[in-house]
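# Descriptive analysis of the structure
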Amino acid sequence: MSLPYFFESDTPELHSLFTLSEDSSKHCTQVLRMKTGEALQITNGKGDLFKASIVSEDKKRTVVKMEECSKFTLPEKKISIAISLLKNASRFEWFLEKATEIGVHAIQPFISSRTEHHRFRLDRMQGILIAAMLQSQQSFLPELAEPIPFTTLVSQSSFAQKLVAHCENGSKETLISLAPASSTQILIGPEGDFTTEEIKLAMDMGYQPVSLGNTRLRTETAGMVAASILASR
């Protein structure tokens, strides 16, 4: 059985003592009921994974000793999912959870002409990413930015491979058929799809039209399918 997994954004040097955050301390002592001497794992979401043991347990200030450290490197293929905000916040949060479990590098929310929901709480969304990272026992936390206008997004992108998934007729490659690149960003539109003008703008900015399959997918499902295909290439 694997050791309990915790997230701390700031971690100290190896072999030093470290006080867990109040949230981690509470989960450690009151939820998991861990005691002095028990082992756990801590990641900073930047590729470092520590093995530590509890020196003193307290519901607000549990102290651990950092005993071992493993350092991981980011996968060579960087995947960014740029996705429209959704009217139903729970569906957007579901996407964030699944994209993190799959292992995407970055998530960029955007606001386009048909986006119906503009409210976004970065702190809540970050919490969902952290929980999903811990659940899937990864050592990298995806980058998550504040939502930006669609026009700003496509004009500033510098990814090696830039893709736009849309539902309009026209010449499109299937995403699964494309060769992988060192970095890929795919645009996933809102519930009403991109407008014709937005698709043209994206293509003018170097985005290649792609299809995710033969059925019309919800935005959050399309984001998850795209992430799965890109991660498996």
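One can find the structure itself at the top, above this paragraph.
Throughout what follows, the structure given in this document is the object of discussion. (Residues numbered from 1 in each chain as written. Predicted model: local features only at pLDDT ≥ 70, side-chain atom pairs only at ≥ 80, totals over all residues. Heavy atoms only, no water.)

### Some words on the pairing of strand E3 (residues 39–43)
To keep it simple, the criterion reads: Buried means the residue's accessible area, taken with a 1.4 Å probe over protein chains only, is under 20% of the maximum for its type, while exposed means over 50%, and partly exposed covers the values in between. Helical segments are the DSSP runs of H or I of at least four residues, strand segments are the runs of E of at least two, and each set is numbered from the N terminus. Paired strands, as defined in this entry, are two strands with at least two bridges between them according to DSSP.
Counting buried residues in E3 gives four out of five residues, a clear majority hidden from the surface. Here E3 runs beside strand E4 (residues 48–56); their pairing, made up of five bridges, is antiparallel. Each residue of the ladder has a partner; that of Leu40, found in E4, is Ala52. The turn joining E3 and E4, which pair antiparallel and follow one another in sequence, is formed by four residues; a positive phi near 75 degrees is taken by Gly45.

### Points about the nonpolar core
Test applied: By convention a nonpolar core is built from buried Ala, Val, Leu, Ile, Met, Phe, Trp, Tyr and Cys residues, the set being connected through side-chain atoms within 4.5 Å. Any two residues whose heavy atoms approach within 4.5 Å at even a single point are treated as in contact.
Counting residues in hydrophobic clusters, the biggest one holds 28 residues, and the most contacted among them are Ile81, Phe92, Leu96, Ile107, Leu175, Ile186 and Ile188. Among the elements of the structure, strand E6 (78–84), helix H2 (89–102), helix H3 (122–135), strand E10 (161–165), strand E12 (183–188) and helix H6 (219–232) are those that each provide at least two residues to this core. Per-element tally for this core: the top contributor is H6, with five residues. Here Leu175 is in contact with Leu163, Ile186, Val210, Ser211, Leu212, Ala226, Ile229, Leu230 and Arg233, once residues within four sequence places are set aside.

### A few points about helix H1 (residues 22–31)
This is how the line gets drawn: Taken from the helix axis, the directions to the C-beta atoms give the arc we talk about.
Within H1, the full set of buried residues consists of Ser24, Ser25, Cys28 and Thr29. Around the axis of H1, the buried residues are gathered within 110 degrees of arc, so they sit on the same side. The exposed residues of H1 that point more than 90 degrees off its buried face are Asp23 and Val31. Elements that come into contact with the buried residues of H1 comprise strand E1 (5–7), E3 and E4. Backbone geometry just downstream of H1 places Arg33 in the positive-phi region, at approximately 55 degrees.

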